[in-house]
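Overview (structure and organization)
Spelled out, the chains give:
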Amino acid sequence: MLQEGARATGTQEMRPAYTASSRLVLLDVLVQERSTGQPVSGLLKSDFQILDEGEFRTIAHFDAEPFLLDVILVLDMTSRVSARGVPTGESAYRDFYEAVIEAVRRMGELDRLGVVSMSANSVTVLANLQYEKEESLRAIRKALFGPVAPEKIGPPRLYPALILAGSQFRGEQELGRRRLILVWTHNRASRNEEEQQRVIDLLRARSVTVAGIVSPLKRVRAAPQPRSPGSRVPSPPLPPRLPPGPPGPSPDPRPRTEAIEEPETHALDPVVESTGGTILRPASFDLVNWDEFLGRVRWKYRLAFYPPPDLPGGIERRLEVRLTDAARQKCRNCIVISRSSYRVP
């Protein structure tokens, strides 16, 4: 464990930071049980190996204590306006907002929180990265339930939102903290390969991990309006009767659940994979286990190494982090999750 500084405590002591000009490559590594998904703690520096283009590198830095978090929430606001261009109302975002509150409550006192919103029109910083989380929650509530400005209908501006969120992490990376962008979305974003690579390069350069939660909103039907006695609501007109067509195929006898396909790849997936994060697809936002989710982020191991000094900066190189043979004997059912490449500083 590093001895050059103390971890942040109630008095906010800070660990020293790496300078942006350093050639040291930082890696956040998650080791978890394959069957349960629970993070595995207690591993040592000697249990890991770093392979850079297949060549072993010396681990120059190792940390295995739980980290403080710097979190930027990126919130999808595209469903504030329906396909007909009218506000969806508070009910559509009620569960979403309650899930956000639950996630923030699971954060520690010394964790920092910021908020960015994205829609089809724009991306906006709702709250800068700060310790005061109540201010961030007030900004979220105002954005979700305040007046709705007219806007076009379309997918969220995901990549510009990630660039804006990544720009909130300024200055040097503190050793005792972990930088995380947590994207909450319920719509499929458009993908642009060039813009995607620009996002990945920025986030890697600032040692930012991206995680995502992709889930549909729960829409609550409005209560029926009371009618005065004797009033009558006209029935909608019946559709025109169609002439009989050729007999169709006989119905499929299999249960409907067997026909459900795996979710399509989201534009967020390659960014999450490239930064060593994780993406969840719960049936609804209120089903996320926040203690487990944030625990995976806090209990990641931090490793670092120096690339060969003769390598030119800016080139992309394959990367692998794995357990040693001895560690795999102790942890037979463990999997290692980390980013698969890096760009030479």
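What you see is a predicted model, and the numbers here were worked out from it, not measured in a lab.

Here's the deal with the overall build of the protein chain
Each helix and strand in the protein chain was counted, giving 7 helices and 16 strands. Here the protein chain, with 345 residues, has 46% of them falling under the buried criterion. The contacts in the protein chain between residues at least 6 apart in sequence include a share of 82% that link residues at least 24 apart. For the protein chain, the exposed surface amounts to about 19,000 Å²; the carbon and sulfur share of it is 52%.

Re the sheet that holds strand β3 (residues 48–52)
Here 4 strands make up an open sheet; going across it, the order is β4-β3-β14-β16 and the pairing antiparallel. At either end of the open sheet lies a strand with only one pairing partner, and these are β4 (55–57) and β16 (341–343). Put simply, the sheet's adjacent strands are angled 40 degrees from each other on average, direction ignored. Relative to β4, β3 is paired through 3 bridges, and the arrangement is antiparallel. In the strand pairing of β4, aspartate 52 is matched with glutamate 55.

Considering helix α1 (residues 94–105)
In a regular helix each residue adds 1.5 Å, so 12 residues correspond to 16 Å; α1 covers 17 Å between its end C-alpha atoms and thus fits that length. All of the buried residues in α1 are Phe96, Tyr97, Ala99, Val100, Ile101, Ala103 and Val104. Structurally, α1 contributes buried residues whose contacts are with β6 (68–76), β7 (112–118), α2 (133–145), β10 (177–185) and α6 (290–298).

The rules behind each value
In this numbering scheme, every chain counts its residues from 1 along its sequence in written order. Only residues with pLDDT of 70 or above have their local features reported here, since the model is predicted, and side-chain atom pairs are shown and tallied only from 80 upward, although totals for entire chains, interfaces and linings are computed over all residues. For the side-chain quantities, the full set of heavy atoms in the structure was used; hydrogens and water were omitted. Secondary structure elements are defined from DSSP: runs of H or I of at least 4 residues count as helices, runs of E of at least 2 residues count as strands, and each element is numbered from the N terminus. Each residue is placed in one exposure class: buried if its accessible area under a 1.4 Å probe, protein chains only, is under 20% of its type's maximum, exposed if it is over 50%, and partly exposed if it falls in between. It only takes one pair of heavy atoms within 4.5 Å for two residues to be counted as in contact. The Shrake-Rupley method, run with a 1.4 Å probe, gives the accessible areas here. Residue values count only the displayed protein chains as cover. A pair of strands counts as paired when DSSP detects no fewer than two bridges linking them. Axes here refer to lines fitted to C-alpha atoms; in helices the fit is confined to the stretch in contact. Angles between the N-to-C directions go from 0 to 180 degrees. What a helix is expected to span follows from its residue count: subtract one and scale by 1.5 Å.

Honestly, it's all geometry; don't read function into it.
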